[in-house]
Amino acid sequence: MSLSEAPALPFQRIAASSAEPRTPQDLRDLHYPFGRWVPDHGTLFEVAPGIHWTRMGLPFGLDHINLWVLDAGDGWAIVDTGVNLPASKRAWERLFAGPLAGKPVTRVIVTHYHPDHLGLAGWLCALWNVPLEIARTEYLLARSLILDVRDAPPPEAVDFSIRAGWPDTAVTEMRQKPWGNFHKIISPLPAGFKRIKDGDVLTIGARQWRVVTGRGHAPEHSCLVSDDVMIAGDQVLPRITSNVSVYPTEPFADPLADWLESIETLRAIDPGILVLPAHNEPFTGLHTRLDQLRADHVDKLAKLLAFCAEPRTAVDSFATLFRKPIGESDYGIATGEAVAHLHWLEERGQLRRITDALGVDRFVAI
Ligand SMILES: [Zn+2]
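Residues numbered from 1 in each chain as written. Predicted model: local features only at pLDDT ≥ 70, side-chain atom pairs only at ≥ 80, totals over all residues. Heavy atoms only, no water.

(A) Highlighting the packing of helix α6 (residues 155–164) against helix α7 (residues 168–175). Between α6 and α7, the least distance of the axes is 10 Å, while the angle of their chain directions is 170°. Taken together, the axes of α6 and α7 lie roughly antiparallel to each other. Here α6 runs over α7; the crossing is right-handed. Together, A157, V158, S161 and I162 of α6 and V171, M174 and R175 of α7 make up the contact between the two elements. Taken together, the residues that form the contact of α6 with α7 break down as 5 nonpolar, 1 polar and 1 charged. (Axes fitted to C-alpha atoms, helices over the stretch in contact; angles between N-to-C directions. Helix = DSSP H or I, 4+ residues; strand = E, 2+ residues; numbered from the N terminus. Parallel < 35°, antiparallel > 145°, perpendicular 65-115°, else oblique. Left-handed = near helix turned anticlockwise from the far one by under 90°. Contact = heavy atoms within 4.5 Å. Nonpolar A, V, L, I, M, F, W, Y, C, P; charged D, E, K, R; others polar.)

(B) Expanded view of the side chain of R55. Along the chain, R55 falls in strand β2 (residues 51–57). Here R55 occupies a buried position and makes no salt bridge, while the nearest side chain of opposite charge, E281, is found at 4.3 Å. A distance of 3.3 Å separates a polar atom in the side chain of R55 from a polar atom in the side chain of H64. Only 2.9 Å separates the side chain of R55 from the side chain of N66, close enough to count as a polar contact. Those residues within four positions of R55 in sequence are excluded, and the remaining contacts are V38, P39, D40, H41, G42, H64, I65, N66, N280 and E281. (Buried < 20%, exposed > 50% of the residue type's maximum accessible area, 1.4 Å probe, protein only. Lys, Arg positive; Asp, Glu negative; His and termini not counted. Salt bridge = Lys/Arg side-chain N within 4 Å of Asp/Glu carboxyl O. Polar contact = N/O pair within 3.5 Å; in protein donor to acceptor, adjacent residues only side chain to side chain.)

Next up, the structure:
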């Protein structure tokens, strides 16, 4: 399967969404110590002693992921793995034959279950005969999604789209498609795993890394924090907003509450730390970025509440929430994000849900 043939997945972010730095002040506040320079795919760059950065391609609107290789003394520890596509495997093989030659991979650690992070974990674990280290919820969720392959979407997923106000044409098209793309770009996972959890301290070579769990983008996302460096995964990205969505598997969830709570949790981390994000470039200015992320959601919530002076569906709210027009191919991801914001307001008693005879939910300010 070539990159262009890879399936669209519900984990794509809405590219370059509204948290792009908008003012000169924003641009001053975040500092990129390596500028916008990035390593070529299949090469390594040492960003801090014992911490190496590589980058691989992605077949999504978002076209790259940053992966990290840590010097573990007698071997290498890999943090996040890329999607299961031939190009990513070839990039790893080039690294193993080149700059990583001479020592084995002794650990494979994954921040969360999304395919760009977990995709080659099973392949790498089998290749090096090492366990997969990941949070329990992430592992179990991935295992269940891999198995959930159907000829047509389950009724709960169709109902979720109808509730959100999808037009009939989009619902009809959805019904005609097979369900469950997740397995397509995930290499087979090991049947067991080694659990990591919030507060754990992982000794890797000369460094100790504390696991700090974030929620909202994924249910149990592991960030790794060493003295002056943080591997942030998708929990903090400098120039794009992480997707915070409600999915049909948990249609009444309030993930934005988890996300905003995690922003507060991350404020306990040293503001001067070098942040290694999964997308864009390494940066400093963690607390500034947390402020920006929070402000972006607060701004969206305020606009949404004003928009809901009249009863509105999730689809109605797209133009209020997203700067780029949402075509029907983006309805899945946009619906998840819109419903997350609507649920946050509903949970806090600011919106009331009205369900009509056709099963469509509209939300109106109280
Ligand atoms: Zn992710």
